[in-house]
Amino acid sequence: MISSARLWRRRPAYSGRWEAARLSPLVLTVLIAGLAFSTPREIAFSRLLPAAPALAAAMWPVLPTVALGAFCFLLMIVLSFFHTDLGTQYTSAAIIAVTLAAAYGSHVRHQREEMLFQVRLVADAAQKVLLRPLPRRIEGLEIESLYLAAQEQARIGGDFYEAIGTPYGVRLLIGDVRGKGLPAVGAASAVISCFREAAYDEPDLRGIVHRLETAVTRHSAAFPVQDQPEHFATALLAEIPPGGGLLRLLNCGHPPPLIEYCGIVRVLEPTIPSPPLNLAGLIGDRYWVDVVPFAPGEQLLLYTDGVSETRDLDGRFFPLPDWMRRQNTAHPRELLDRLHGDLLRHSGGRLGDDIAALALRGTTAQDRGALGAED
C-alpha cells in the first residue's frame with residue numbers, strides 16, 4: 001500500500017502550479033485571521049474559519065487537515081479574548097464539525113488516489129508488454145516509435161506496432177483495432193503476440209497475415225462484443241530483406257506509408273487492397289504484397305489513422321504528405337518529435353484519437369562511418 005506521505009510527495013509532479021495551489025488553505029487561514037483581527041467585531045470575518053479545513057480536504061492528507069482545523073479552533077479561542085460576543089461557541093462548533101467531515105473526505109480521497117495510482121501502475125506494465133520499447137537499430141536500420149493517447153490519463157489503447165529482426169529480414173507491424181477500451185486492448189494484444197511468433201516462422205508476409213487473421217477471429221469468438229462486425233483491425237505488414245534495397249508491403253485496410261528523401265515523398269498506396277483482419281470471411285482472403293525500392297538514407301513513416309485524421313479547429317485534416325516533404329530526411333527520432341509537436345499544434349492541443357507511428361531510416365555509408373568513429 002502507498003502511504004499518505006508518498007502520495008503527498010508525488011503530487012507536485014503533475015503540475016508546476018500545484019506547489020502553490022496546495023498552500024491555499026494556509027493562505028486562506030492567514031487572510032481570515034488578519035481580517036478578523038483588523039476589522040470591527042460587527043463584520044465577524046472569523047465565521048469564515050471553517051472554510052479553511054474544508055478547502056484543505058481537497059488537497060491535503062488527513063493529519064495536516066486535522067492540524068489546520070485545530071489551529072483554526074485555537075485561533076477562534078484567541079479571537080474571543082480580543083472581541084467579545086463573536087458567537088465563539090457556534091463558530092467553534094462549526095470548525096469542529098467541518099474539520100471532522102474534511103478529515104473523512106480527505107481519507108476517502110486518499111484511498112481513491114491510491115487505487116488510481118495502482119491502476120496506473122498496472123496499465124503502465126501492460127503498455128510495456130503490449131508496446132515494448134523498440135531497439136533503436138535493427139540490422140542497419142534506425143527505428144523510432146511514437147505513441148500518443150487521445151485521453152491524457154490513458155496508458156494503452158487499440159493502436160499497436162512492433163519491429164523484429166528475423167532470418168527473413170526486418171519485419172514491421174502497425175495497426176489499429178476498431179473500437180476503444182478493454183476489448184480493443186485485448187484484440188491488439190492478440191495481434192501483437194501472434195506477430196511476434198509468426199514473424200520468425202513464416203517465410204512470406206502472406207503466411208503471417210493468415211495467422212494474424214486466425215488470431216483475431218479466435219479472440220473475437222472467445223471475447224465477443226455487442227456488434228461483431230465492429231471488432232476488426234486494420235494492419236500494415238512491412239519487410240526489409242537482409243541487405244536492404246527494397247521494401248515489401250502488405251496493407252490490410254491501413255493508411256498508406258510514406259517514403260521521403262530530399263524533399264520527395266512517395267505515398268505507397270496498395271496496388272490491390274487486402275481485407276482488414278477479421279473481415280476476410282466477409283470480403284475474401286486474397287492478400288497482395290507490393291514491392292517498392294527502399295534505398296539507404298530514405299525515410300519510411302508508418303502511422304495509424306489518428307495521425308492523418310487529426311483535425312484543426314476548422315475541421316481540416318493534418319496535411320501529412322506535405323508536412324513530410326518539408327522534413328528534409330530528418331533522423332527518425334527528430335522526425336517523430338517534430339510530428340508530435342506539429343500534431344498538437346494543428347489540433348489545438350487536443351487529440352481526437354490515439355496515435356501510433358514508426359519511423360525508419362536505412363543507414364548510409366556516412367552514418368556507418370560516424371557510428372564507427374563513436375565506437
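Residues numbered from 1 in each chain as written. Predicted model: local features only at pLDDT ≥ 70, side-chain atom pairs only at ≥ 80, totals over all residues. Heavy atoms only, no water.

K.L.:
Looking at this model, I keep getting lost on the nonpolar core. Mind explaining?
P.N.:
Note that soluble globular proteins tend to have their nonpolar side chains buried in a common cluster. Formed by 55 residues in total, the largest nonpolar core has its most connected members in Ile 143, Leu 172, Leu 212, Leu 237, Leu 247, Leu 300 and Leu 360. With near-sequence residues (within four places) excluded, Leu 172 lies in contact with Ile 143, Glu 162, Ala 163, Phe 195, Leu 236, Leu 237, Ala 238, Leu 300, Leu 302 and Leu 360. Membership of the second largest hydrophobic core comes to 20 residues, among which are Leu 301, Phe 318, Leu 351 and Ala 359. (Core = buried A, V, L, I, M, F, W, Y, C linked by side-chain atoms within 4.5 Å. Buried < 20%, exposed > 50% of the residue type's maximum accessible area, 1.4 Å probe, protein only. Contact = heavy atoms within 4.5 Å.)

K.L.:
I keep staring at the sheet that holds strand β5 (residues 233-240) and nothing clicks. Help me out?
P.N.:
Spatially, 5 strands are ordered β3-β4-β5-β6-β9 in an open sheet, and the strand pairing comes out antiparallel. Sheet topology places β3 (159-166) and β9 (289-294) at the edges, where each strand pairs with a single neighbour. On average, adjacent strands in this sheet sit at an angle of 15° to one another, irrespective of strand direction. Two strands pair when backbone bridges link them, and strand β4 (residues 169-177) and β5 are joined in this way by 8 bridges, in the antiparallel orientation. Across the sheet, the residue bridging to Gly 175 is Ala 235, located in β5. (Pairing = 2+ DSSP bridges. Helix = DSSP H or I, 4+ residues; strand = E, 2+ residues; numbered from the N terminus. Axes fitted to C-alpha atoms, helices over the stretch in contact; angles between N-to-C directions.)

K.L.:
Any chance you could explain the pattern of salt bridges here in plain terms?
P.N.:
Under the criterion given, the structure shown has 18 salt bridges. Among the ionic pairs, Glu 144 bridges to Arg 136, the shortest N-O distance being 3.0 Å. Given the relative accessible area of 11%, Glu 144 is considered buried. On the accessibility criterion, Arg 136 (56% relative accessible area) is exposed. Counted as one network, the salt bridges with shared partners bring together Arg 136, Glu 144, Arg 333 and Asp 337. (Salt bridge = Lys/Arg side-chain N within 4 Å of Asp/Glu carboxyl O.)

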